[in-house]
Amino acid sequence: MSTIIIHTQTLNFEQIKSFESLYGKPYQQAQHYKIETDKPINSVELANLSNVLNLDLNVLPSGFNPAEVKLVISDMDSTLIAIECIDEIADMMDLKPQVSEITEAAMRGELNFEESLTQRVSLLKGLDIQALQNVYDERLTLNPGAEKCLAGLKQKNIKFALVSGGFDFFTDRLKQALNLDFARANKLKIAQDQLTGQIDGSIVGAQAKADFLNELCEQLEIKPNQVIAVGDGANDLLMMSQAGLSIAYHAKPKVQQQASCALNHRGLDAILDFIA
């Protein structure tokens, strides 16, 4: 038996009939619909239906038990928040086009993340650290549904971890502002209130993100299949492969292909549909 999640609160008569003819009659939950079916599910057919209806449709992976989820771990840039922080920092030096191009290629998996980050950070040498605060205050916004998602997780006593190939200047402030449980990111080296163009310590890349997930599992005494991992870029894939459920959030094509589920239409609050 498979479970299809339809990430919408409303379905019209024609939509219900479409689903019923293919998989069975949808039944309504609080914020979404579900179909329990023993019919074979064609992933291409489901993706086409998703595009036609402009709805997110996902099949829960076998072995994933929503009732057992104890941790959600999420990427930051373009996932929890709507910007790529490093691109906005670079904009303070009129370098956004150059840095954004490298960022995009790295997120698509076309460049080695660690090397691309070192390259991008080197371009920021000499920038006053006040620019970081300006980005946080003036440009950083949460993606739609973020606060509703976090509130829903707290109600269920599910921990939330923020992990980023970006910078702890932002993850630390978000952790405090949103009352997050855990956060980890890269630390920018600073001298005389200016960026040196270097990372302080080892880089938080794909392997470090996966290691953080497993570290938190040990700390919380849970198994990886009790974790939901959310990301949008290629450097999230290793972390996502460790989790019981992986969600590609408005993600790059490579991530969409490898994640167990995808959200392309709804906001972050749709994560709650997976554990309702």
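Residues numbered from 1 in each chain as written. Predicted model: local features only at pLDDT ≥ 70, side-chain atom pairs only at ≥ 80, totals over all residues. Heavy atoms only, no water.

Q: How would you explain the sheet that holds strand 3 (residues 33-37) if you had to name every residue and give the values?
A: A sheet is described by the order of its strands in space; here 4 strands give the open sequence 2-3-1-4, paired in antiparallel fashion. Only two strands of the sheet have a single partner each, and these edge strands are strand 2 (27-28) and strand 4 (57-59). Where strand 1 (residues 2-6) meets strand 3, 5 bridges bridge the pair, whose relative direction is antiparallel. For threonine 3, the partnering residue across the bridge sits in strand 3 and is glutamate 36. (Pairing = 2+ DSSP bridges. Helix = DSSP H or I, 4+ residues; strand = E, 2+ residues; numbered from the N terminus.)

Q: Let's hear about the pattern of salt bridges: which residues, and what values?
A: Tallied over the full model, the rule gives 12 salt bridges. The closest approach of N and O atoms between lysine 96 and glutamate 88, which form a salt bridge, is 2.7 Å. Residues arginine 266 and aspartate 269 are paired through a salt bridge, measuring 3.1 Å at the closest nitrogen-oxygen approach. Connected through shared salt-bridge partners, Glu88, Asp91, Lys96 and Arg139 make up one network. (Salt bridge = Lys/Arg side-chain N within 4 Å of Asp/Glu carboxyl O.)

Q: Run through empty space enclosed by the protein, naming residues and quoting values.
A: Throughout the structure, instances matching the rule amount to 3 cavities of 30 Å³ or more. When its volume is computed, the largest cavity comes out at roughly 140 Å³. Around the largest cavity, the lining comprises 18 residues; the ones closest to its centre are Asp77, Glu84, Phe113, Gly165 and Gly166. Counting residues per element, the ones that place at least two in the lining of the largest cavity are helix 3 (85-91), helix 4 (96-107), helix 5 (113-122) and strand 6 (159-167). Ranked by residue count, the leading element in the lining of the largest cavity is strand 6, at 4 residues. (1 Å grid on protein atoms, 1.4 Å probe; cavity = no way out; pocket = protein on both sides within 12 Å on 5 of 7 lines; lining within 4 Å. Points joined across faces, edges and corners; volume = space filled by probe spheres on them.)

Function-wise, these values are silent; they only describe arrangement.
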